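Results of the structural survey
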Amino acid sequence: MADPSSYRPEPGQIPDSPGVYKFRDEHRRVIYVGKAKSLRQRLANYFQPLVGLHPRTATMVTTAASVEWTVVSTEVEALQLEYSWIKEFDPRFNVKYRDDKSYPYLAVTLNEEFPRVQVMRGHKKKGVRYFGPYAHAWAIRETVDLMLRVFPVRTCSAGVFRNAASAGRPCLLGYIGKCSAPCVGRVTPDEHRELAEEFCDFMAGRTGTYIRRLEQQMMDAAEEMEYERAARLRDDIGALRRAMEKNAVVLADATDADLIALAEDELEAAVQIFHVRGGRVRGQRGWVTDKVEAVSTAGLVEHALQQLYGEESGDAVPKEVLVPAVPEDADAVSQWLSGRRGAQVSLRVPQRGDKKDLMETVARNAQQALVLHKTKRASDLTTRSRALEEIAEALDLDSAPLRIECFDISHLQGQDVVASMVVFEDGLPRKSEYRRFQIKGFEGQDDVRSMHEVISRRFKRYLVEKEKTGEWGPEGVAVDADGDAVDTHGDGADGVALPVDETLPVPGPGADGAGANGSGADGPGADAPGPRRDGPHRGGPLVDGPHRDGPLASGEVPVDDGRPKRFAYPPQLVVVDGGQPQVAAARRALDELGIDDIAVCGLAKRLEEVWLPGDDDPVVLPRSSEGLYLLQRVRDTAHDFAIRYQRSKRNKRIRTSPLDAIPGLGDTRKQALIKHFGSVKRLRQATIEQICEVPGMGRKTAEAVAVALAQAAPAAPAVNTATGEIMEDDGGTTA
């Protein structure tokens, strides 16, 4: 625990002007970001006696090891920079609202030649008109189904559209009148776009004019005795009215507003937002957050506004925002919102009338959301705490292991040997820090040796990061510029230094649900270069000026940008998937690097026994133990992550062909060879004269094919896991 006086700036060093400040911990991680009208007055509040600070503020300042600041011109600039830094650094002591779910929107793709109506989630795309968010996707589909009767806009995917166009026959919706069938030319692109724009106008709340127009057309058709057309118009009006009934009228027509309400206690806060467009509630969403900093209701409102509108622009920001408390810098926030919208935005607290009544409804929703969240979380939080305490007690640890890293090895008959590393913090998976490794030190199957290599590579990177932050390395161990451990005792310890691992890309949420950051090398947790400013950083201001590019000058120390690094933070516990041999290998790897403050254990699958280094007998946890359940979950997560990576590498290898490496042999001739011989296996058995018989193959190319296939060793035979039968490679590997 740091003493705040050890990094307190000198009197008069802090400017009395608007700005944004950052607190960093001993690892140079940014742990808190704030803004102030006067940096001098605001920062002075943090360096009071600890007994006078809020407990959360006291925890923050004792965790920090330095403070930095950047001076800006206006409060609006400070608000923008604060939002950018919170998004970039993800500080642990800042309030961050997180969606309970990915809310669905009704989207119209006006950026396409034939606009499409569909349900969309995730990030908004340019040129797409969005309505919502909605609580459930089925609510969107019900509304769209009613409106397609009147606005027969395309709803099919690009593949279905192309197939219908090539077949010259529309899909079922085209036959029953719920699609204008632009795929077969029943309407022109301009006519279809006009339908889509009318659909958008109706969804935006301009309903009265359109319904009155339909009613007049119905009356005219009846007077002209076109009763079938009048009946259809009557049904269309009924469908539109039913669609309108799904959105209750709460405010006067043409009212566009977002209503934000909060429910909070000492530990958590829930926020609920009602989106009112055209006087009707068009969407609802909510978040729950931990109050990790001492923050008032007005501060929570300001954080909610930043998250809600930080990525929005134009009409997505309403004309009016109604809140339970006005932020401290109300004028700056209102000016920032107006800049996002491109027009004036009113930010106020409703005092009377329908808007106040609706705000009370939103507040009741927030209160119910908070109660439901606490009910769900209570048992989960208690269970996780008990699990960590049981692990600490069983393994004789000094404290509960808040960060656990688990490693597993995966291969198939000694081929494509890979390893995985998963991270659990406070009993929950930290997917952004999952990592994958290729075994580089040797070929073949040896789980113990593989485990030693992976543990060595991971913690060599940790030592490199420690040296970057100026911390002392372990006694007797130095780390060179390439991340290799160098023995300074001269005793020739076992475990030859291996090159630093370049972490492979980790799949994002859409790829097997594995990673969260899209890339193990470039996402969060990577050593990504960022903007730097000249001048001292510890305890002093950041000097404004242009960003510098290019190499550092001689003797200049690179500046840490505060982003989380790939291997910078050590775990309290390393878990390996395996028994006594794997545990011994992991412990030996740490000992060779001089690391003795990290506990190691292994979980064997056979009897779910927990093995410790140097013990002849395992630790047996009760089957009902929450600690054992958590260790199993960590181990199984690492196992699944390693298997997915191993399968992806194997599939990639299987899809390659020895023919790919032959210069001058293109796809056309490769396909001709496979078609002629049936498989690579039969092609390998063919003579040069037989290869020359394939159309387009000259003798020189045929000789190159024969040589390449002779040098390429055939793949290991596939085994039917159900019968144990070895399957012949008749199909071969396709080119």
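Structure shown above.
In what follows, the accompanying structure is described. All of these numbers come straight from a predicted model, not from anything done at the bench.

A few points about the sheet that holds strand β6 (residues 117–120)
In space, the 3 strands of this open sheet follow the order β6-β5-β7, with antiparallel pairing throughout. At either end of the open sheet lies a strand with only one pairing partner, and these are β6 and β7 (129–131). Across the sheet, the mean angle separating the axes of adjacent strands is 30 degrees when strand polarity is ignored. As judged from the 4 bridges shared by strand β5 (residues 105–108) and β6, these two strands associate in the antiparallel manner. Each bridged residue has a counterpart across the sheet, and for L106 the counterpart in β6 is V119. Here helix α7 (residues 189–203) sits on the sheet and contacts β5, β6 and β7; the angle it forms with β5, its principal contact strand, is near 150 degrees.

Concerning the nonpolar core
Of all hydrophobic cores here, the largest spans 28 residues; its most connected members are F407, I455, F459, V574 and I595. Those elements giving two or more residues to this core turn out to be β13 (403–412), β14 (415–425), α13 (447–468), β19 (573–577), α14 (580–592) and β20 (599–604). The greatest single-element share of this core, amounting to 6 residues, is contributed by α13. Every residue in contact with F407, bar those within four places of it in the chain, is listed here: S420, M421, F437, M451, V454, I455, R458, V574, V575, V576 and D577. Counting residues in hydrophobic clusters, the runner-up holds 25 residues, among them V95, Y309, L337 and L347.

Side note on the pairing of β19
Residues in a regular strand project their side chains so that they alternate between the two faces of the sheet. By the criterion of burial, β19 is predominantly enclosed, with 5 of the 5 residues buried. Burial along β19 is two-sided: L573, V575 and D577 and V574 and V576, pointing in opposite directions, are all buried. Relative to β19, β13 is paired through 4 bridges, and the arrangement is parallel. Counted as the bridge partner of C406 is V575 from β19. For β19 and β20, the ladder comprises 5 bridges, and the chain directions are parallel. Bridging across to β20, V576 finds its partner in G602. Crossover handedness for the path β19 to α14 to β20: right-handed.

Considering helix α11 (residues 330–341)
The terminal C-alpha atoms of α11 lie 16 Å apart, and with 12 residues this matches the ideal 16 Å at 1.5 Å per residue to within 8%. Three or more residues of α11 are buried, namely A332, V333, S334, W336, L337, S338 and R341. Buried residues in α11 make contact with α3 (75–89), α10 (297–309), β11 (320–322) and β12 (346–348). A positive phi of about 90 degrees marks G342, the residue just after α11.

Things to note about a negative patch on the surface
There is a patch of like negative charges on the surface, built from D190, E191, E194 and E197. Take D190: it is sitting in helix α7. A relative accessible area of 65% places D190 in the exposed class.

Things to note about the packing of α10 against α11
Axis separation between α10 and α11 bottoms out at 12 Å; the angle between their running directions is 10 degrees. Here α10 lies roughly parallel to α11, going by the angle between them. Only V333, W336, L337 and R340 of α11 make contact with α10, whose side of the interface consists of E302, L305, Q306 and Y309. Residue composition of the contact of α10 with α11, grouped by class: 5 nonpolar, 1 polar and 2 charged.

Some details on the sheet that holds strand β1 (residues 19–25)
Spatially, β2-β1-β3 is the arrangement adopted by the 3 strands of the open sheet, whose pairing is antiparallel. The open sheet has two edge strands, β2 (30–36) and β3 (64–71), and neither has a second partner. Direction aside, the axes of adjacent strands within the sheet are offset by 20 degrees on average. As judged from the 6 bridges shared by β1 and β2, these two strands associate in the antiparallel manner. Opposite K22, over in β2, you have V33 as the bridge partner. Each of β1, β2 and β3 touches helix α1 (residues 39–46); the most contacted strand, β1, lies at about 30 degrees to it.

Concerning the packing of aromatic side chains
All chains considered together, the criterion is met by 12 aromatic pairs. Relative to F47, the ring of Y7 has its centre 5.6 Å away and its plane inclined at 70 degrees; by these criteria the two rings are edge-to-face. Of the two residues, Y7 sits in the segment before β1 while F47 sits in the loop between α1 and α2 (55–63), which places them 40 residues apart along the sequence. Each of the two residues, Y7 as well as F47, counts as buried. Where Y21 meets F23, the ring centres are 6.1 Å apart and the plane angle is 90 degrees; that geometry is what we call edge-to-face. Taken individually, Y21 and F23 each receive the classification buried, so the pair is uniform in this respect. Grouped by ring-pair contacts, the aromatic residues Y7, Y21, F23, Y32, Y46 and F47 constitute a single cluster. If you follow R29 out to its NZ or CZ, it ends over the ring of Y569, 3.8 Å from the centre. Over the aromatic face of F161 sits the side chain of R154, whose NZ or CZ is 4.8 Å from the ring centroid.

About the criteria used
Residues numbered from 1 in each chain as written. Predicted model: local features only at pLDDT ≥ 70, side-chain atom pairs only at ≥ 80, totals over all residues. Heavy atoms only, no water. Pairing = 2+ DSSP bridges. Helix = DSSP H or I, 4+ residues; strand = E, 2+ residues; numbered from the N terminus. Axes fitted to C-alpha atoms, helices over the stretch in contact; angles between N-to-C directions. Contact = heavy atoms within 4.5 Å. Core = buried A, V, L, I, M, F, W, Y, C linked by side-chain atoms within 4.5 Å. Buried < 20%, exposed > 50% of the residue type's maximum accessible area, 1.4 Å probe, protein only. Right-handed = clockwise from strand over helix to strand, strands pointing away. Expected span 1.5 Å × (residues − 1). Patch = residues over 30% accessible without salt bridge, like charges linked within 9 Å, V, L, I, M, F, W, Y side chains within 5 Å. Areas by Shrake-Rupley, 256 points an atom, 1.4 Å probe, with all protein chains shown as cover. Salt bridge = Lys/Arg side-chain N within 4 Å of Asp/Glu carboxyl O. Lys, Arg positive; Asp, Glu negative; His and termini not counted. Charge placed at Lys NZ, Arg CZ, Asp CG, Glu CD. Parallel < 35°, antiparallel > 145°, perpendicular 65-115°, else oblique. Nonpolar A, V, L, I, M, F, W, Y, C, P; charged D, E, K, R; others polar. Phe/Tyr/Trp six-rings, centres within 6.5 Å; stacked < 30°, edge-to-face > 60°. Lys NZ or Arg CZ within 6 Å of the ring centre and 35° of its normal.

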